[in-house]
Amino acid sequence: MSMPPHQPTGPIPGTANPTWLGHVQEQHFRPAPGHQGNPLAPVLAQVPQPASAVRRMSGSIVLLSVGGGALAFLSLFIVLPFLFSNIGPAGFVIGFLASLIPLSVVLLAVWAIDRWEPEPRRLLVFAFTWGAAVSIAVTLLIQPLFVLTSPSADPAELRTYLATVQAPIVEEFAKSLGLLAIMLLARRHIDGPVDGVVFAFTIAGGFAFTENILYFGRALAESPDPGVDLAQVFFLRGVMSPFAHALFTGTTGLIMGLAARRASTGGIVLAFVLGLLPAMFLHNRWNSMGQGFFAEYVTVQVPLFVLAVLGIVLLRVAEKRLTRQRLGEYAAAGWFTPAEVELLATRSGRQRALAWAGTYGRKQQMRDFIRAATRLANIRQRILAGRQVQDHQGEERIQLQRVLAMRAALAG
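Please read these numbers as outputs of a predicted model, since none were measured by experiment.

S.K.: Would you take a moment to explain the overall build of the protein for this structure?
M.R.: Summing up its helical and strand segments, the protein has 13 helices and zero strands in all. Going residue by residue from the N terminus, the α and β elements of the protein occur as α-α-α-α-α-α-α-α-α-α-α-α-α. Look at the contacts in the protein between residues 6 or more apart in sequence, and 76% of them connect residues 24 or more apart. As displayed, the protein offers around 19000 Å² of accessible surface, 68% of which is attributable to carbon and sulfur atoms.

Here it is as structure tokens:
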């Protein structure tokens, strides 16, 4: 009989916690299937059937895709009239085209961060459409409430109030609602803070894209010298600060990603509330920069950006070490050789593997094999973290069989 999922199967090895990112408590540790010399087939037979778990996992993505698509479509009836009434058709077209440049920079960063273990494409599409349409609509709907509560009716003071109070609160709340939906409905696909940052950057990139259309379009529609003004606005928003919104919302994604690794639903909601605080603060500081903009930009904002980059790099290093450790545990159970773990769990090893596969016309098959192995490592991490163990053991069984089939295809 298989052991109940809540009981450990032995003392936890000292190597089971290669980094703080994947800390495993002793009561949750269990060897990989096939460990300790047991025949692989009988051990696999003990794993719960995965059909219901797989249906639930795919169903969450479908729900987000359909629900997000419907909300985005409805949001266009608010967002598009607002844009056209403010900047006109010509401003919209030129603003749209100009906004594609900073958007491409942000999405390139998302791709670089997400490359080690790519997120489901449909979830990334949901994140982008939420940022580009739904969060903008939510902002437009809530903003009038802040106008009514403004402490002053003076136009200049009202603009300052909206920029430093309303925008940080409402925009970060609207963007992070999309993060909350992903964390609650697709939690099985969230493996930690890196995933939280990826989705936060994607949502923020979508929000900044639509906002840039407005700002670039206004430079054309409201300026006596549109060419010069558009160049200035593009330099400020497209060159100096394409990652501003990403950094604000990224702090929320980081905190929520950490919570999603272990916390309950209530813990994720609490992380959502706590994660909004630094995002709103950073947003407020950015919008509060006035005449000393360039000085504060160099002395405060640039160092913050550098710290964010270093933080993401450290998270990526921890993620790679965790992948290597978990695949090493499968290697101890007989699923991989130590040499294969080196190829699958290191950047240089992956490059060598892809180059070798390319000489035989099997580069895509090798890519799929690497992704399947990485996903397997993340599934094991969820099991060892005590998250819905039986469901994830069922998914583990499917993934192990996929890995075997992919290896056979590559060898054949």
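So that's the structure; there's more coming.
S.K.: I'm lost on the confidence of the model for the protein in this one. Help?
M.R.: The predicted coordinates of low-pLDDT regions are not to be read in fine detail. Taken over all residues, the pLDDT of the protein has a mean of 86, while the share at 70 or more is 88%. A low-confidence stretch, residues 1-11 stays under pLDDT 50, and its non-local contacts, those more than four residues away or across chains, total 20 contacts. Contacts from residues 37-51, a stretch scored under 50 in pLDDT, to residues over four places away or in other chains number 23 contacts.

S.K.: I would appreciate a short explanation of the UniProt feature "transmembrane region" (unreviewed entry) in the protein in the present structure.
M.R.: With numbering matched to this structure, UniProt assigns "transmembrane region" (unreviewed entry) to residues 61-84, 90-111, 123-146, 166-185, 197-215, 235-260, 267-286 and 298-318. Structurally, residues 123-146 is divided into 100% helix and 0% strand, and its ends, taken at the C-alpha atoms, are 32 Å apart. Counting secondary structure, residues 298-318 comes out at 100% helix and 0% strand; the distance between its end C-alpha atoms is 30 Å.

S.K.: I tried to follow the side chain of Glu 395 on my own but got confused; where do I start?
M.R.: Here Glu 395 shows up in helix α13 (residues 389-411). There is a polar contact of 2.9 Å between the side chain of Glu 395 and the side chain of Arg 375.

S.K.: Please explain the packing of aromatic side chains as it appears in this structure.
M.R.: The geometry of two aromatic rings is summed up by the distance between their centres and the angle between their planes. A full pass over the atoms with the stated rule returns 14 aromatic pairs. Geometrically, the ring pair formed by Trp 286 and Phe 293 is edge-to-face, given 5.9 Å between the ring centres and 85 degrees between the ring planes. Since its relative accessible area comes to 16%, Trp 286 is described here as buried. Each ring, one from Trp 356 and one from Tyr 360, has its centre 5.2 Å from the other, and the planes form 50 degrees; the classification is tilted. Since its relative accessible area comes to 53%, Tyr 360 is described here as exposed. Linked through ring pairs, Phe 84, Phe 92, Phe 96, Phe 128 and Phe 209 together constitute an aromatic cluster. The side chain of Arg 237 reaches across the aromatic face of Tyr 215, ending 4.1 Å from its centre. Over the face of the ring belonging to Tyr 330 we find Arg 380, whose NZ or CZ atom lies 5.7 Å from the ring centre.

S.K.: Teacher, can you tell me more about the pattern of salt bridges here?
M.R.: Any two side chains of opposite charge can pair, on the condition that their charged atoms come close. All told, the structure shown has twelve salt bridges when counted by the stated rule. Note that Glu 296 and Arg 285 form a salt bridge whose closest N and O atoms lie 3.6 Å from each other. Here Glu 296 is found in helix α9 (residues 293-332), whereas its partner Arg 285 is found in helix α8 (residues 265-288), with eleven residues between them in sequence. Among the residues examined, Arg 285 registers a relative accessible area of 31% and is labelled partly exposed. One salt bridge connects Glu 340 with Arg 407, and the closest N-O pair in it is separated by 3.0 Å. You can see Glu 340 sitting in helix α10 (residues 338-345) and its partner Arg 407 sitting in helix α13, a full 67 residues away along the chain. With a relative accessible area of 19%, Glu 340 lands in the buried category.

S.K.: What's the story with the nonpolar core in this structure? I'm lost.
M.R.: Where a protein is soluble and globular, its nonpolar side chains tend to be buried together. By size, the foremost hydrophobic cluster in this structure holds 44 residues, and its most contacted members are Ile 113, Leu 179, Met 183, Phe 199, Phe 201 and Met 256. Looking at this core, the elements with two or more residues in it are α2 (51-114), α3 (121-148), α4 (155-185), α5 (193-221), α7 (244-262), α8 and α9. Contact partners of Ile 113, with chain neighbours within four places excluded, come to Val 194, Val 197, Val 198, Phe 201, Ile 312 and Arg 316.

S.K.: When you look at the environment of Leu 123 in this model, what are you seeing that I'm missing?
M.R.: Looking at where Leu 123 falls in the secondary structure, it is placed in helix α3. When its relative accessible area of 0% is taken as the criterion, Leu 123 is described as buried.

S.K.: Would you mind showing me how to read helix α6 (residues 226-239) here?
M.R.: In a regular helix each residue adds 1.5 Å, so 14 residues correspond to 20 Å; α6 covers 18 Å between its end C-alpha atoms and thus fits that length. For α6, the full list of buried residues reads Leu 230, Arg 237 and Gly 238. When α6 is viewed along its axis, its buried side chains cluster within an angular range of 80 degrees and face the same direction.

S.K.: What am I meant to see in a nonpolar patch on the surface here?
M.R.: Judged by side-chain polarity, Val 300, Val 302, Leu 304, Phe 305, Val 306, Leu 307, Val 309, Leu 310, Val 313 and Val 317 come together as a nonpolar surface patch covering roughly 740 Å² of accessible area. Here Phe 305 is to be found in helix α9.

S.K.: In this structure, what is going on with α13? I would like to understand it.
M.R.: Residues separated by three or four positions in an α-helix point in the same direction, a consequence of the helix having 3.6 residues per turn. For α13, which comprises 23 residues, the first-to-last C-alpha distance of 32 Å matches the rise-based estimate of 33 Å (1.5 Å per residue) to within 8%. What α13 keeps buried is the set Val 389, Asp 391, His 392, Gln 393, Gly 394, Glu 395, Glu 396, Gln 399, Leu 400, Val 403, Met 406 and Leu 410.

Quick notes on the rules
Residues numbered from 1 in each chain as written. Predicted model: local features only at pLDDT ≥ 70, side-chain atom pairs only at ≥ 80, totals over all residues. Heavy atoms only, no water. Helix = DSSP H or I, 4+ residues; strand = E, 2+ residues; numbered from the N terminus. Contact = heavy atoms within 4.5 Å. Areas by Shrake-Rupley, 256 points an atom, 1.4 Å probe, with all protein chains shown as cover. pLDDT = per-residue confidence, 0-100. UniProt positions renumbered as here; feature names shortened; annotations may be inferred. Polar contact = N/O pair within 3.5 Å; in protein donor to acceptor, adjacent residues only side chain to side chain. Phe/Tyr/Trp six-rings, centres within 6.5 Å; stacked < 30°, edge-to-face > 60°. Buried < 20%, exposed > 50% of the residue type's maximum accessible area, 1.4 Å probe, protein only. Lys NZ or Arg CZ within 6 Å of the ring centre and 35° of its normal. Salt bridge = Lys/Arg side-chain N within 4 Å of Asp/Glu carboxyl O. Core = buried A, V, L, I, M, F, W, Y, C linked by side-chain atoms within 4.5 Å. Expected span 1.5 Å × (residues − 1). Arc of directions from axis to C-beta. Patch = residues over 30% accessible without salt bridge, like charges linked within 9 Å, V, L, I, M, F, W, Y side chains within 5 Å.

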